[in-house]
Every structure is written in structure tokens, then in C-alpha cells.
Amino acid sequence: MNVEYVGQSVEYVGGYGGAESVESAARVCTQTSSVGKAVEFVKGLLRRGHMSPLEFGYADMLIECDRGIQQELTRHRHFSFNVESTRWCDYRKKPLRFVTKPPKGMDVPPACVSMLEAHCDRCAREYAALIELGAPRDYARKVLPLATASKMRMAGNLRTWLEMLPKRLSPAAHAEAREMAGMMLGKLVSHFAGIFDGVDGE
């Protein structure tokens, strides 16, 4: 059975509705015209807490993380999610991936990483053995640990991203969730000028 050790990753899939779009939606309320300073206008909306126009922008990400972090992210219910299925994926035909690298800010001795990877190797062998004995994939998956890497599409309007990111970037958040949120923030800052500048990342 092929096993791979991977890190967390975030890929920006697509989106729409930058500052100009948000400004256009907001100006329906006041029936005023744009003066060509959409970023400054949107920053003013954010300062005043006028968030509904942000719902006219949208961002879609492809994420890879372990099952534990995935469970934390899916608590944000206003997003849309599609998650890699351990029931339908045939890991005999594609590598079983595990996230074992400690995130920045989490002090984990190298011996602990080695122990976790040895455990993941055993789980992969047991998964394959269960299938060889006749277990269906959706039963064999019970031996897979939380470290199992999983791909997920996560999409939502810009308001949902603005409301979620501070929670996952907080020092009280799990270190891996903070790392993931920092990667998401980087993508959003580069694709939506001015809208996410006030979000504190690491």
C-alpha cells in the first residue's frame, strides 16, 4: 500500500465580486454613483459594520488537511463543502496520505513525529488487510486515523470568510487551524484587493 506524508495546502479555485462589485451592491441602497474609489468605499462599509454587500462576492478554495482540522472547518455552516469520501475512494489505487508535520508554533519532538508516522503506516497496512479479508472500503476505513489527509472544497461569500477567519486566526485556535486560516487569508488578500486587509494573520 502506497503511503505519502503531506502538509496542509490551500488552492484558490475561483471567485467573483471584488471591491467594485461590493460597492455596486451597496450603492443600490443609497442610489448614489461610484466615484472610482471602490476599495476606500468598501473599507468604509467594513468600519461601519455594514456587511450585507459583502455577500455579493464569493470565493472557492480547494483545501487539503487532516480529518481533525476538516471537522473544525465544517462547523462554519454558512459555507458550502464537498469532502473527499473515504467510502468511495479506493486507496489501493491512490496513495493514502497523512498529515504529520507539526504546524508553525507547535513544539513537537521529532521522535513523536516518527511515532505518529509509524502508527499511520500500521493503519494503512491494516486498512489493506481488512479489504483483502473481504471488508468493504466503508468498513475498512474505520482504522484510518485523524491524521488521514483529506481534500475538501470550501466556498462561501466574502462576508462568511470575513466572519470565519478571525476565529481561526485567534491565538486560542488550534495551531493547525491557524496555519490553514493564514493560507486562506493570503489567497483572499491577493484576489480581493482591500477587503481583507484588516484581518490579522500571522
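Residues numbered from 1 in each chain as written. Predicted model: local features only at pLDDT ≥ 70, side-chain atom pairs only at ≥ 80, totals over all residues. Heavy atoms only, no water.

1. Quick look at the nonpolar core
Ranked by size, the top nonpolar core spans 36 residues in total, and within it Ile63, Met154, Trp161, Leu165, Met184, Ile195 and Phe196 carry the most contacts. Breaking this core down by element, the ones donating at least two residues are β2 (9–16), α1 (19–30), α2 (38–48), β3 (58–66), α3 (67–73), β6 (149–157), α6 (158–169) and α7 (175–191). Setting aside chain neighbours within four positions, we find leucine 165 in contact with Ala181, Met184, Leu185, Leu188, Phe196 and Val199. Within the second largest apolar cluster, eleven residues are counted, among which are Leu96, Cys120, Ile131 and Leu144. (Core = buried A, V, L, I, M, F, W, Y, C linked by side-chain atoms within 4.5 Å. Buried < 20%, exposed > 50% of the residue type's maximum accessible area, 1.4 Å probe, protein only. Helix = DSSP H or I, 4+ residues; strand = E, 2+ residues; numbered from the N terminus. Contact = heavy atoms within 4.5 Å.)

2. Comments concerning α6
Residue pairs three or four apart in sequence face the same way in an α-helix, which turns once every 3.6 residues. With twelve residues, α6 should reach 16 Å at 1.5 Å per residue; the first-to-last C-alpha distance of 16 Å fits that figure. Every buried residue of α6 is accounted for by Leu158, Thr160, Trp161, Leu162, Met164, Leu165, Arg168 and Leu169. Buried residues in α6 make contact with α2, β3, α3, β6 and α7. Backbone nitrogen of arginine 159 and a side-chain oxygen of the N-cap are separated by 3.0 Å at the start of α6; the cap is asparagine 157. (Expected span 1.5 Å × (residues − 1). Polar contact = N/O pair within 3.5 Å; in protein donor to acceptor, adjacent residues only side chain to side chain.)

3. What to know about the layout of surface pockets
Approximately 220 Å³ is the volume attributed to the largest pocket. Residue lining of the largest pocket: 18 residues in total, with Asp66, Val99, Thr100, Leu116 and Glu176 positioned closest to the centre. Taken together, the elements giving at least two residues each to the lining of the largest pocket come down to α3 and α4 (110–132). (1 Å grid on protein atoms, 1.4 Å probe; cavity = no way out; pocket = protein on both sides within 12 Å on 5 of 7 lines; lining within 4 Å. Points joined across faces, edges and corners; volume = space filled by probe spheres on them.)

4. Re the side chain of glutamine 8
Looking at the element boundaries, glutamine 8 is found in the loop between β1 (3–6) and β2. Among the polar contacts listed, one links the side chain of glutamine 8 to the backbone oxygen of glutamate 176, at a separation of 3.1 Å. Polar contacts involving the side chain of glutamine 8 include one to the side chain of glutamate 179, which spans 2.7 Å.

5. Comments concerning the state of the cysteines
A complete count under the given rule lists zero disulfides for this structure. The cysteine cysteine 120 is free of any disulfide, with cysteine 123 supplying the nearest cysteine sulfur at 6.2 Å. Note on cysteine 123: relative accessible area 4%, which makes it buried. (Disulfide = S-S within 2.5 Å.)

6. Quick word on the packing of α1 against α2
To characterise two packed helices, one gives the angle between the axes of the helices and the distance between these axes. Packing of α1 against α2 leaves a shortest axis separation of 8 Å and a crossing angle of 60 degrees. Considering their axes alone, α1 and α2 lie oblique with respect to each other. Relative to α2, α1 is oriented so that their crossing is left-handed. Note on element contacts: α2 touches α1 through Ala38, Val39, Phe41, Val42 and Leu45, opposite Ala19, Glu20, Val22, Glu23, Ala26 and Arg27. (Axes fitted to C-alpha atoms, helices over the stretch in contact; angles between N-to-C directions. Parallel < 35°, antiparallel > 145°, perpendicular 65-115°, else oblique. Left-handed = near helix turned anticlockwise from the far one by under 90°.)

7. Observations concerning the environment of isoleucine 69
Looking at the secondary structure, you find isoleucine 69 in helix α3. Isoleucine 69 sits 67 residues away from proline 136 along the chain, and the two C-alpha atoms are 26 Å apart. Those residues within four positions of isoleucine 69 in sequence are excluded, and the remaining contacts are Gln8, His174, Glu176 and Ala177.

8. Examining α1
For α1, built from twelve residues, the straight-helix expectation of 16 Å at 1.5 Å per residue is met to within 8% by its first-to-last C-alpha distance of 17 Å. Along α1, the residues that are buried comprise Ala19, Val22, Glu23, Ala25, Ala26 and Arg27. Along its buried surface, α1 packs onto α2. Backbone geometry just after α1 places glutamine 31 at a positive phi near 55 degrees.

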